[in-house]
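The chain contents come next:
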Amino acid sequence: MRDTFLVFGSPLIESREIDEVVATLKSGWIGTGPKTHRFEEDFRAYKGVKYAIALSSCTAALHLALKVVGVKSGDEVIVPSMTFAATANTVVHCGAMPVFADCDTKTQNIDPADIRRKITKRTKAIVVVHMAGRPCEMNEIMALAKKFKLKVIEDAAHAVETEYKGKKIGTIGDIGTFSFYVTKNLVTAEGGMAITNNKKYAEEMRVLSLHGMSADAWKRYGDDGYKHYDVVEAGYKYNMTDIQASLGLHQLARVEKNWKRREKIWNRYMKELTGLPVILPAPIEKGTRHAYHLFTILVDTDKAKVSRDQFLSEMTKRNIGTGVHFCALHLQPFYRKLCGHKVGDLPNSEWIGDRTVSIPFSAKLTDDDVSDVIAAIKEILS
Ligand SMILES: *Cc1c(COP(=O)(O)O)cnc(C)c1O
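Residues numbered from 1 in each chain as written. Predicted model: local features only at pLDDT ≥ 70, side-chain atom pairs only at ≥ 80, totals over all residues. Heavy atoms only, no water.

A.B. asks: Help me understand the site of the ligand, please; the structure alone is not making it clear to me.
C.D. replies: Every one of the 15 residues lining the ligand counts as a neighbour, but Thr59, Asp155, His158, Ser179 and Lys184 are closest to it. The separation between an oxygen atom of the ligand and a polar side-chain atom of threonine 59 is 2.5 Å. Lysine 184 has a polar side-chain atom sitting 3.2 Å from an oxygen atom of the ligand. Expressed as a share of its isolated accessible area of 380 Å², the protein-covered part of the ligand is 93%. Across the shell around the ligand, the residue classes break down as 6 nonpolar, 7 polar and 2 charged. (Near = heavy atom within 4 Å. Polar contact = N/O pair within 3.5 Å; in protein donor to acceptor, adjacent residues only side chain to side chain. Areas by Shrake-Rupley, 256 points an atom, 1.4 Å probe, with all protein chains shown as cover. Nonpolar A, V, L, I, M, F, W, Y, C, P; charged D, E, K, R; others polar.)

As structure tokens, this is what we get:
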């Protein structure tokens, strides 16, 4: 057994970003400034999109995206149940109602047929989540959006590197949002990004991200001399700092290298975890690229001698950290009450939520770490 605890989702931080953070701290400007703008430009170029706005989190990006596409009180927004709370919470923050759709059991992504069933006269937008880094069925979803005149926001918190039929994820819907939270593929400790090809959305998100002010702080205090600003909206405090961008610049430069490392780990897990009472991730669909953000296994509760929760604690006993992505969101106390949900309403999301376990899957893992994870799982389940 390992003698140190293997932290789930521990990020790979290297000397370039550490040096950049230190240089920023010594530079005299640590707020939103030149490095944040450089990070936006690099991310924009990586995605091949017209506009990128760096923010304090993906939650902030989702909130602003919903706002600028016009989601307001009285509207409904279709969201998956198989997602993190922020996907639906931000709909509530806009005064609108989330309407949960079920997912496909194989891909774990939102099911276009269930989206269709949930569309009403009040539906304003659909938020899709590219679960674990696997792209949703965007052709079908965009066709529905076109037919019913709905906006589409891609919650791409898991999907920096994902592609769908030749398109980069986050550029297919009206707005794409990304997370640079500590466990994500690209980390800035806390941070996020909104991308779009729509100039109006980009300008509105930028203004709303910083108090509704017409010029950001670097423009006010920068070397062009002090400038007055106008407050044109009651905006939010959602900006990214140059300290976070210092991490992001170098994390982004290595994003493909880290992806290749995770692809190796993915292939090893796929090979060495066969023959156990677990359901492994579905094969990667033709014409798509998976971001390899999460490696999730479903404990086959009919065949395994432990429950999912027993499996989690057995992993902890063996010094291996795990995660659960996710318990079905529509059954969380707040959403049960808000939407009146009960067990059985979204059977596929509930089925996954009762079985899913995310095992360590960071580019930081050594081959020995991966061997430890595999050995622990085999010991518990065989
Ligand atoms: C992590 C996550 C978020 C929130 O990201 P933050 O940057 O922490 O706000 C949103 N949606 C999904 C699917 C996530 O996994």
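A.B. asks: Would you mind going over the environment of glutamine 108 with me for this structure?
C.D. replies: Locating glutamine 108 in the fold gives a position in the loop between strand E3 (97–101) and helix H5 (112–118). A residue is classified by how much of its surface remains accessible, and glutamine 108, at 8% relative accessible area, is buried. Sequence separation of glutamine 108 and glutamate 20 is 88 residues, and the distance between their C-alpha atoms is 38 Å. Those residues within four positions of glutamine 108 in sequence are excluded, and the remaining contacts are Met82, Cys103, Met131, Thr296, Leu298 and Ile352. (Helix = DSSP H or I, 4+ residues; strand = E, 2+ residues; numbered from the N terminus. Buried < 20%, exposed > 50% of the residue type's maximum accessible area, 1.4 Å probe, protein only. Contact = heavy atoms within 4.5 Å.)

A.B. asks: Sorry, what's going on with the side chain of histidine 293 here?
C.D. replies: Relative to the elements of secondary structure, histidine 293 occurs in the loop between strand E11 (288–289) and strand E12 (295–299). On the basis of relative accessibility, which here comes to 6%, the residue histidine 293 falls in the buried class. Not counting residues up to four positions away in its chain, the partners in contact with histidine 293 are Ala132, His158, Thr183, Lys184, Asn185 and Phe361.

A.B. asks: I tried to follow empty space enclosed by the protein on my own but got confused; where do I start?
C.D. replies: To find leftover empty space, one rolls a probe the size of a water molecule over the atoms. Scanning the entire structure with this criterion turns up 2 cavities of 30 Å³ or more. As for the largest cavity, its lining consists of 20 residues, of which Thr183, Lys184, Phe361, Ser362 and Ala363 are closest to the centre. Three or more residues apiece are contributed to the lining of the largest cavity by two domains, here domain 1 (15–253) and domain 2 (255–381). In this structure, the second largest cavity spans a volume of roughly 80 Å³. Around the second largest cavity, the lining residues are Lys106, Thr107, Gln108, Met131, Ala132, Arg134, Trp266, Pro281, Ala282, His290, Leu294 and Thr296. (1 Å grid on protein atoms, 1.4 Å probe; cavity = no way out; pocket = protein on both sides within 12 Å on 5 of 7 lines; lining within 4 Å. Points joined across faces, edges and corners; volume = space filled by probe spheres on them. Domains from an automatic or database assignment.)

Treat this as a map of the structure, not an account of what it does.
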